[in-house]
Amino acid sequence: MVLPTQILERLDALGVLASDIEERFIRGSGPGGQKINKTASTVCLVHRPTGVEVRCQRERSQAANRELAWAELCEKLETRLRAAENERRQAREKQRRQTRKRSGRQKAISVAGKRHRAGIKAGRQRPAE
């Protein structure tokens, strides 16, 4: 079976090979009686490197379920990639915030607070006799 070009483009953009994905067709479950018990219309896709799994049995047609499953798998992999990028960006920003130099105003406020505190502590000393 050939995949639609839109799905192949999305997989290429993610850097995922179609050969890394295991595709199985299994019998569905739930209501439907004899029809659901005889046909293997449920599509199960597993991306082996990440372990992401998708099952689709929304439609009666195997072909329709197959397209929906591939689209859903692409969405899951894109979400996973976006989350990893966001996590890296946040770590980089946190490091930048921690190591940046204080502005002149921040430094002046800090020094003023320390001088004030020193004055309070100086007032606690015993009077000179």
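Small disclaimer: the values here were computed from a predicted structure and weren't measured.

1. Brief notes about the nonpolar core
Move 1: In terms of nonpolar packing, the biggest core is built from 16 residues, with L11, I21, L45, W70 and L73 touching the most fellow members.
Move 2: Broken down by secondary-structure element, the contributors of at least two residues to this core are α1 (5-14), β2 (42-47), β3 (52-56) and α3 (62-99).

2. Quick look at the environment of A64
Move 1: Its place among the elements puts A64 in helix α3.
Move 2: The spatial distance from the C-alpha of A64 to the C-alpha of V43 is 9.6 Å, given a sequence separation of 21 residues.

3. Some remarks on the sheet that holds β2
Move 1: Within the open sheet, the 3 strands sit side by side as β1-β2-β3. Their pairing is antiparallel. What marks the edges here is a single partner per strand, and that holds for β1 (21-26) and β3. Averaged over all adjacent pairs, the angle separating strand axes in this sheet is 15°, with direction ignored.
Move 2: As judged from the 6 bridges shared by β1 and β2, these two strands associate in the antiparallel manner. Paired with I21 across the two strands is H47, which belongs to β2.
Move 3: Sitting on the sheet, α3 is in contact with β1, β2 and β3, with an inclination near 150° to β3.

4. With respect to the confidence of the model for the protein
Move 1: Per-residue confidence for the protein gives a mean pLDDT of 90; residues scoring 70 or more make up 99%.
Move 2: Of all helices and strands in the protein, the one with the weakest mean pLDDT is helix α2 (residues 34-38) (74), whereas helix α4 (residues 104-122) scores best (96).

Reading guide: rules and limits
Residues numbered from 1 in each chain as written. Predicted model: local features only at pLDDT ≥ 70, side-chain atom pairs only at ≥ 80, totals over all residues. Heavy atoms only, no water. Core = buried A, V, L, I, M, F, W, Y, C linked by side-chain atoms within 4.5 Å. Buried < 20%, exposed > 50% of the residue type's maximum accessible area, 1.4 Å probe, protein only. Helix = DSSP H or I, 4+ residues; strand = E, 2+ residues; numbered from the N terminus. Pairing = 2+ DSSP bridges. Axes fitted to C-alpha atoms, helices over the stretch in contact; angles between N-to-C directions. Contact = heavy atoms within 4.5 Å. pLDDT = per-residue confidence, 0-100.

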